[in-house]
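Here is what each chain is made of, one letter per residue.
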Amino acid sequence: MTADAEFEDAFRSNAHAEKTTDEPLIRVMALHALAYCERLFYLEEVEGIRVADHNVFAGRRLHDQIDKGPDIYQLELGSERLGIRGKLDVAKREGGRLVVIEHKKGKSKGGTEAWPSDRLQTLAYALLLSEHRGEVISEAFVRYHADKKTITIPVDPAAAAQEVGAAVNRAKELRATLQRPPVTASEHLCRTCSLAPVCLPEEERFAEDEGETPQRLFPPDESRRIVHIVEQGASVSKVGEQLVIWVPDGSKKPLPGLTVSTLVLHGNVQISTQAIHFCAANGIGVHWLSYGGNYVGAVTPGAGGVQRRARQFRALDDFDLRVRLSARIAQAKVENQVRYLLRTTRGGEADARHPEFETGVARMRNCLGQIGHIADSPVAGNPDVRIETEEAATEIAGKLRGYEGLAGREYFALLPHVLDVVDGDLLFFKGRNRRPPKDPFNALLSFGYALLYRDCVAAVIAVGLEPALGIMHTPRSTAYPLALDLMELFRLIIWDIALVGSVNRKQWTKEDFDVTAGQVWLNADGRRKAIGLYEARKQEKWKHPVLEYSLSYARTIELEARLLEKEWSGQPSVFAKLRLR
Ligand code: SF4
């Protein structure tokens, strides 16, 4: 910034206003967001969610390039009287009068007008500068770089003060409520909105009227990668802007920090304090898993989430909503298990299914029917009767868990029918066991579920929710109940299917496992193979069966966490509707 005596007290003005006012001043950029879409204002300013997409970076680059000549000033001003603060792109003297110029990278409206949000922002800057200098400012300008137009904004001080004041009052109203404003009716605004992947406007409109297939504004895959470190004795440190993995054999592997979304450290892997600081500052999650694959803990970047957590607490007190959501999760899980078993045994010789298989599937279907009744009408078979007491909710939730558990046992009992192994084979499976796993198949199942649990914890935290408060799961271990809830939707879709495929392709050998008395673990090579299989499965794209757009399984986990959050925020949603085709 260039400054001279005329403008040098600008920062003092801002700091003074911040100290004397009880309420924090509204950022002028926030007024811009408010004029664009009230929900955008709420998500950014109240919930503290910021997403830096390519448009945001392009805007920052433009501001770095703005002419910083001798007569050009970039000022940061605040006013208690106006209730706003902000950083002007440009203030300058032209022919003795003071003017404000706001730079935008996009195009003007129709080549002749400023967009309403840009106009409001520019008026607010003009008022701030006018108050600071004690001079009337009668004109301001918006420079649109994409179509090279400069639009003049006439400034009538009284009218501008009224317009900006009305926006400030609305901003204060929104700041005081827990209620997120609805999605904008101007759908075109969402297409260029950096918060569309968080807001999910198309999904909400679809859930409301199930009309047109929603346009996907949610990224189909992750732009940054998850790095697993399985070499025992390895360490991670920060060197400049890079994370470097040091392996005991003397080799090292540099990772450009900003290409990484998550580090997963398996077993005896060290990380330096500086590297943890770097990860925390750059939104990189760090997760620790034990040598055996159990989840230990994490340092995870999460959005502020106060309002989101408050809504979550409130929703969990709504017994009816909680039971219906639990039933929906159980329904999705069991229905997918049934569909998978039938799909995998259809065709060819397998079509002559074993009677034991048919009976097991019938029992699962029966459980599914019971869960469906609970989902639709949990009390007395009447969809309109709500669960009002904790006792009633506990009783119905108990039944639900019973049916879900029964179906789960049948599923694992029938899983050998889809496996191409026989008794005596390394991966022969004759039932689920864990803590510790007693055979290679169970070791693989447990390890994959631990990886999935890690992803679900990360998704829950990324959405700004409290993982300790679940819907269907209650705190019975150190595991986060909400992450366990989310996992139920993905155990089969992400891990069981990938694992069965790999077993049937004979991808595992006894060299992948450490076998001791009564327990079996994956060794370093086995873990590397399992991680490769798991991460490859997550990157596969599928067409969401309800939303009808393609995205990776990895992104689907986050999508479902966001849809769940919508559900208990009272917004239309399609949570837990995902089904195998
Ligand atoms: S995606 Fe649309 S509704 Fe959501 S904040 Fe952005 S403009 Fe508003």
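Before reading on, note that the structure itself is shown above.
No experiment lies behind these values; they were computed from the predicted model shown.

Caption draft 1: Just the pairing of strand S9 (residues 225–229), in detail. Across the five residues of S9, four count as buried, placing the element largely inside the fold. In this sheet, strand S13 (residues 260–266) lies alongside S9 in parallel orientation, the contact comprising five bridges. Bridge assignment links valine 227 to a residue of S13, and that residue is leucine 263.

Caption draft 2: Representation of the sheet that holds strand S14 (residues 270–271) within the structure. Strands sit in the order S12-S11-S10-S14 across an open sheet of four strands; the sheet is mixed. Edge positions in the sheet fall to strand S12 (252–256) and S14, since each has one partner strand and no second. In this sheet, S14 lies alongside strand S10 (residues 235–239) in parallel orientation, the contact comprising two bridges. Bridge pairing in S14 places serine 235 opposite glutamine 270. Sitting on the sheet, helix H10 (residues 273–281) touches S10, strand S11 (242–246) and S14, and the angle it makes with S10 is about 70°.

Caption draft 3: Region of the structure containing the site of the ligand. In the region of the ligand, the neighbouring residues are Tyr36, Cys37, Leu40, Val183, Thr184, Cys190, Cys193, Ala196, Cys199 and Pro201. In this structure the site holding the ligand corresponds to the largest cavity.

Caption draft 4: Representation of empty space enclosed by the protein within the structure. For the coordinates displayed, the defined rule picks out two cavities of 30 Å³ or more. Put simply, the largest cavity is a space of about 90 Å³. Forming the walls of the largest cavity are 14 residues, and the residues nearest its centre are Cys37, Thr184, Cys190, Cys193 and Cys199. Of all the elements in the fold, those that place two or more residues in the lining of the largest cavity are helix H3 (38–46), helix H7 (187–191) and helix H8 (196–199). With three residues, H3 is the single largest residue contributor to the lining of the largest cavity. When its volume is computed, the second largest cavity comes out at roughly 60 Å³. Forming the boundary of the second largest cavity are Arg39, Ile49, Arg180, Val198, Cys199, Leu200, Arg308, Val463, Arg562, Glu565 and Lys566.

Caption draft 5: Local environment of the sheet that holds strand S16 (residues 295–299). Read from one edge to the other, the open sheet built from four strands follows the order S9-S13-S15-S16, with strand pairing classed as mixed. The open sheet is flanked by S9 and S16, the only strands paired with a single partner. Neighbouring strand axes in the sheet, compared pairwise and without regard to direction, differ in orientation by 20° on average. Across the face of the sheet, helix H15 (residues 440–462) comes into contact with S9, S13, strand S15 (285–289) and S16 while running at roughly 150° to S15.

Rules behind the numbers
- Residues numbered from 1 in each chain as written.
- Predicted model: local features only at pLDDT ≥ 70, side-chain atom pairs only at ≥ 80, totals over all residues.
- Heavy atoms only, no water.
- Buried < 20%, exposed > 50% of the residue type's maximum accessible area, 1.4 Å probe, protein only.
- Helix = DSSP H or I, 4+ residues; strand = E, 2+ residues; numbered from the N terminus.
- Pairing = 2+ DSSP bridges.
- Contact = heavy atoms within 4.5 Å.
- Axes fitted to C-alpha atoms, helices over the stretch in contact; angles between N-to-C directions.
- Near = heavy atom within 4 Å.
- 1 Å grid on protein atoms, 1.4 Å probe; cavity = no way out; pocket = protein on both sides within 12 Å on 5 of 7 lines; lining within 4 Å.
- Sits in = over half its atoms within 2 Å of the grid points.
- Points joined across faces, edges and corners; volume = space filled by probe spheres on them.

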